[in-house]
Amino acid sequence: MTTMTETSARFREFKMPDVGEGLTEAEILKWFVQPGDTVTDGQVVCEVETAKAAVELPIPFDGVVHELRFPEGTTVDVGQVIIAIDVAPGSGDAPAPAAAPVQEPVETPEAEAEPKGRTPVLVGYGVAESSTKRRPRKGAAAAPEAAAVAAAVQAELNGHAAPAPAAAPAVPAQAGVPGGRPLAKPPVRKLAKDLGIDLATVTPTGKDGIITREDVHAAAAPVAAEAPAAVPAAEPVAAAATEPRAAVGSARETRIPVKGVRKAIAQAMVGSAFTAPHVTEFVTVDVTRTMKLVAELKEDKDMAGVRVNPLLIIAKALLVAIKRNPEVNAAWDEANQEIVQKHYVNLGIAAATPRGLIVPNIKDAHDQTLPQLAASLGELVTTARDGKTSPAAMAGGTVTITNVGVFGVDTGTPILNPGESAILAVGAIKLQPWVHKGKVKPRQVTTLALSFDHRLVDGELGSKVLADVAAILEQPKRLITWA
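Here the structure is a predicted model, which is why all the values come from computation and not from measurement.

S.K.: I tried to follow the overall build of the protein on my own but got confused; where do I start?
M.R.: A count of helical and extended segments in the protein gives eleven helices and 24 strands. Within the span of the protein, comprising 483 residues, buried residues form 43% of the whole. Excluding contacts between residues fewer than 6 apart, the proportion of contacts in the protein whose partners are at least 24 apart in sequence is 62%. Entry remark: accessible area of the protein is about 24500 Å², with carbon and sulfur atoms responsible for 55%.

Below you can see the structure in the form of structure tokens.
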């Protein structure tokens, strides 16, 4: 389903869709097209980042790009038009690009008297008109100046040459001038809001007195905030702030806006830690036989073309343990005061990516053979590493594995993924002295940690699950006898 409107028989607009589950905004990471480029139905035109993942957006019709409404690095609400397409090029001169939704209209105080709230929408059915609330102008003299600069700002945002500015004072509506409102592009205003900077206190360095992103970064730095002249202080900061998502700060500390995947991680972890009573149990186990099995499977022709590693056997061991103890595969329904037992296993694998921690899951992992599970794990890891994991791939998990051993860590106390009842942490596999057949020998040893929701998983059940996983890794033949 797509999100678009037909503005005329010739031009169509494509709106920011809800690419996740009830998401309200997304940041445009990269445009793959520019005005004048020819596009076809299904062609990816941009990449956006939501609170869950980075997603590529395809255009749902053929034509020529007429206008890009937002630059890269801009956070756009779901339902706002992001691109206009000429679907009948060559049928006459195209009109000038329409004013983008990000342009600030000149409102009167009366226009603000009855603000309308944002209406949730379903993808493909459009949204209500923008109800952006603006504060009134302080002086009527600032309106003509703002209108003249707004056209230049909008033209720059749309990627076109800015028209020659009309005659105006050298620094129109400069910050700090009584009766004048600070001039800045909408993305810069949002940056200032995110950083808690009052634009009225920022000295502009841009053309026609417009406050730039570098000015805001300079004001956010403690040293620059105290300096009476912000222009010299802004220059060193600007070099580090050219990227839209760059961190800001001084030489002694750095401030990074919390948004996107990192914001979603924080909210999920806080919600889980303070909602589900966590219990974590540990067991140290000799996995020497498992490591031998891994080496043998790598030479097996039935496993050709897939990656075989200890995580594969651990995942299979957990699936068998869940089959033997199905009550652990459940969720707590607070609203209905019910325990929801799942008769399927969507196995989550915690993956560290450049954008933060994500937990995609393998759907119906309990039904997969060992080669199928190996292929699914390989595809999941590759997709996550490339930043292409879709929101759907991260939804509906029932139990999770986090492999902290890849970082050389012995173990940890993992936090439950929201909506799940258990998570297994796997530590580093190391050669350690171990009593084997009455003698101390060097063996491959690891530590497992199982965290579970004590509201629905008692200590006995949690212990059985962890003990079963350990027993399988110690004697992998149990994959056959217990399965």
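There's plenty left to go through after this.
S.K.: In this structure, what is going on with the confidence of the model for the protein? I would like to understand it.
M.R.: Atomic detail in the predicted coordinates should be set aside for any region of low pLDDT. With 72% of its residues at a pLDDT of 70 or more, the protein shows a mean pLDDT of 78. The model gives residues 99–144 a pLDDT under 50, and that stretch makes 58 contacts with residues more than four places away or in other chains. Ignoring residues within four places in sequence, the model shows residues 222–245, a span with pLDDT below 50, making 28 contacts including any to other chains.

S.K.: Is there a simple way to explain the pattern of salt bridges in this structure?
M.R.: When the charged atoms of two side chains with opposite charge come close together, those side chains can pair. Counted under the stated rule, the structure contains eleven salt bridges. Among the ionic pairs, Lys464 bridges to Glu460, the shortest N-O distance being 3.4 Å. Of this pair, Lys464 and Glu460 both sit in helix α10 (residues 459–474), separated by four residues, roughly a single helical turn. Since its relative accessible area comes to 42%, Lys464 is described here as partly exposed. Among the charged side chains, a salt-bridge network with shared partners connects Glu13, Glu67 and Arg69.

S.K.: Teacher, can you tell me more about the nonpolar core here?
M.R.: Grouped burial of nonpolar side chains is what soluble globular proteins tend to show. By size, the foremost hydrophobic cluster in this structure holds 47 residues, and its most contacted members are Leu318, Leu347, Ile401, Leu424 and Leu448. Every element with two or more residues in this core is listed here: α7 (288–298), α8 (310–324), β17 (347–349), α9 (370–385), β21 (399–403), β22 (422–426), β24 (439–453) and α10. Tallying contributions element by element places α8 first for this core, with eleven residues. Leaving out residues up to four positions away in the same chain, Leu347 has contacts with Ala315, Leu318, Pro360, Asn361, Ile362, Ala365, Val399 and Ile401. In this structure, Trp31, Val33, Val65 and Leu68 belong to the second largest nonpolar core, which totals 21 residues.

S.K.: How do you make sense of the sheet that holds strand β8 (residues 75–77) when you look at a structure like this?
M.R.: Hydrogen bonds between backbone atoms are what pair the strands of a sheet, whose relative direction is either parallel or antiparallel. Spatially, four strands are ordered β6-β5-β3-β8 in an open sheet, and the strand pairing comes out antiparallel. Both edges of this open sheet fall to β6 (54–58) and β8, since each of them pairs with a single strand only. Pairwise comparison of adjacent strand axes, ignoring direction, gives a mean angle of 40° for this sheet. Sheet topology places strand β5 (residues 44–49) next to β6; five bridges connect them, and they run antiparallel. Note on β6: the bridge partner recorded for Val44 is Pro58.

S.K.: Got a minute to help me understand the side chain of Ser376 in this structure?
M.R.: Mapped onto the secondary structure, Ser376 falls in helix α9. Judged by relative accessible area, which is 19%, Ser376 ranks as buried.

S.K.: Looking at this structure, I do not really get α10. What am I missing?
M.R.: An α-helix turns once per 3.6 residues; consequently, residues spaced three or four apart project the same way. Taking 1.5 Å of rise per residue, the 16 residues of α10 would be expected to cover 22 Å, and the 22 Å separating its terminal C-alpha atoms lies within 8% of that figure. Where α10 is buried, its residues touch β14 (278–286), α7, α8, β22, β24 and α11 (478–481).

S.K.: In this structure, what is going on with the pairing of β24? I would like to understand it.
M.R.: A regular strand places its side chains so that they alternate between the two faces of the sheet. As paired strands, β14 and β24 are joined by nine bridges and run antiparallel to one another. Considered in β24, the bridge of Glu281 is made with Leu450. Bridge analysis of β22 against β24 gives five bridges, and the strand direction is antiparallel. Bridging across to β24, Val426 finds its partner in Leu448. By the bridge criterion, seven bridges tie strand β23 (residues 430–436) to β24 in an arrangement that is antiparallel. Bridge assignment links Lys430 to a residue of β24, and that residue is Val445.

S.K.: How do you make sense of the packing of aromatic side chains when you look at a structure like this?
M.R.: The geometry of two aromatic rings is summed up by the distance between their centres and the angle between their planes. Tallied over the full model, the rule gives zero aromatic pairs. Across the ring face of Trp482, the terminal group of Arg324 is positioned such that the distance to the ring centre comes to 3.8 Å.

S.K.: For this particular structure, what's the right way to read the packing of α8 against α9?
M.R.: Between two packed helices, both the angle of their axes relative to each other and the distance between the axes serve to describe the pair. Here α8 crosses α9 at 120°, and the two axes come no closer than 10 Å. The angle between α8 and α9 places the two elements in the oblique class. The way α8 lies across α9 gives a crossing that is right-handed. Mapping the contact onto sequence places Leu312, Ala315, Lys316 and Leu319 in α8 and Leu370, Leu373, Ala374 and Leu377 in α9.

S.K.: Help me understand a nonpolar patch on the surface in this model?
M.R.: Taken together, the side chains of Val406, Phe407 and Val409 present a nonpolar region at the surface, about 300 Å² in accessible area. The topology assignment puts Val409 in the loop between β21 and β22.

S.K.: Would you explain the side chain of Glu47 in this entry?
M.R.: Position of Glu47 relative to the elements: it lies in strand β5. In this structure Glu47 comes out as buried when scored by relative accessible area, which is 10%. Residues in contact with Glu47, not counting those within four places in the same chain, are Glu27, Ile28, Leu29, Lys30, Phe32, Ala54, Val55, Glu56, Arg355 and Lys388.

S.K.: Mind showing me how you'd approach unusual backbone geometry here?
M.R.: Leave glycine aside and you will find that most residues have negative phi; peptide bonds, for their part, are mostly trans. Even without glycine at this site, Gln337 takes up a positive phi of about 50°. Position of Gln337 relative to the elements: it lies in the loop between β15 (330–333) and β16 (338–341). Positive phi, close to 55°, is recorded for Lys437, a residue that is not glycine. Looking at the element boundaries, Lys437 is found in the loop between β23 and β24.

S.K.: Can you walk me through a positive patch on the surface in this structure?
M.R.: On the surface, a cluster of positive charge is made up of Arg289, Lys292, Lys437, Lys439, Lys441 and Lys477. Elements with a minimum of two residues in the positive patch: α7 and β24. Tracing the backbone shows Arg289 in helix α7. Residue classification places Arg289 among the partly exposed positions, given a relative accessible area of 30%.

S.K.: Would you mind going over α8 with me for this structure?
M.R.: Taking 1.5 Å of rise per residue, the 15 residues of α8 would be expected to cover 21 Å, and the 21 Å separating its terminal C-alpha atoms lies within 8% of that figure. Burial runs high along α8: twelve of the 15 residues are buried. Along α8, the residues that are buried comprise Leu311, Leu312, Ile313, Ile314, Ala315, Lys316, Ala317, Leu318, Leu319, Val320, Ala321 and Ile322.

About the thresholds
- Residues numbered from 1 in each chain as written.
- Predicted model: local features only at pLDDT ≥ 70, side-chain atom pairs only at ≥ 80, totals over all residues.
- Heavy atoms only, no water.
- Helix = DSSP H or I, 4+ residues; strand = E, 2+ residues; numbered from the N terminus.
- Buried < 20%, exposed > 50% of the residue type's maximum accessible area, 1.4 Å probe, protein only.
- Contact = heavy atoms within 4.5 Å.
- Areas by Shrake-Rupley, 256 points an atom, 1.4 Å probe, with all protein chains shown as cover.
- pLDDT = per-residue confidence, 0-100.
- Salt bridge = Lys/Arg side-chain N within 4 Å of Asp/Glu carboxyl O.
- Core = buried A, V, L, I, M, F, W, Y, C linked by side-chain atoms within 4.5 Å.
- Pairing = 2+ DSSP bridges.
- Axes fitted to C-alpha atoms, helices over the stretch in contact; angles between N-to-C directions.
- Expected span 1.5 Å × (residues − 1).
- Phe/Tyr/Trp six-rings, centres within 6.5 Å; stacked < 30°, edge-to-face > 60°.
- Lys NZ or Arg CZ within 6 Å of the ring centre and 35° of its normal.
- Parallel < 35°, antiparallel > 145°, perpendicular 65-115°, else oblique.
- Left-handed = near helix turned anticlockwise from the far one by under 90°.
- Patch = residues over 30% accessible without salt bridge, like charges linked within 9 Å, V, L, I, M, F, W, Y side chains within 5 Å.
- Lys, Arg positive; Asp, Glu negative; His and termini not counted.
- Charge placed at Lys NZ, Arg CZ, Asp CG, Glu CD.

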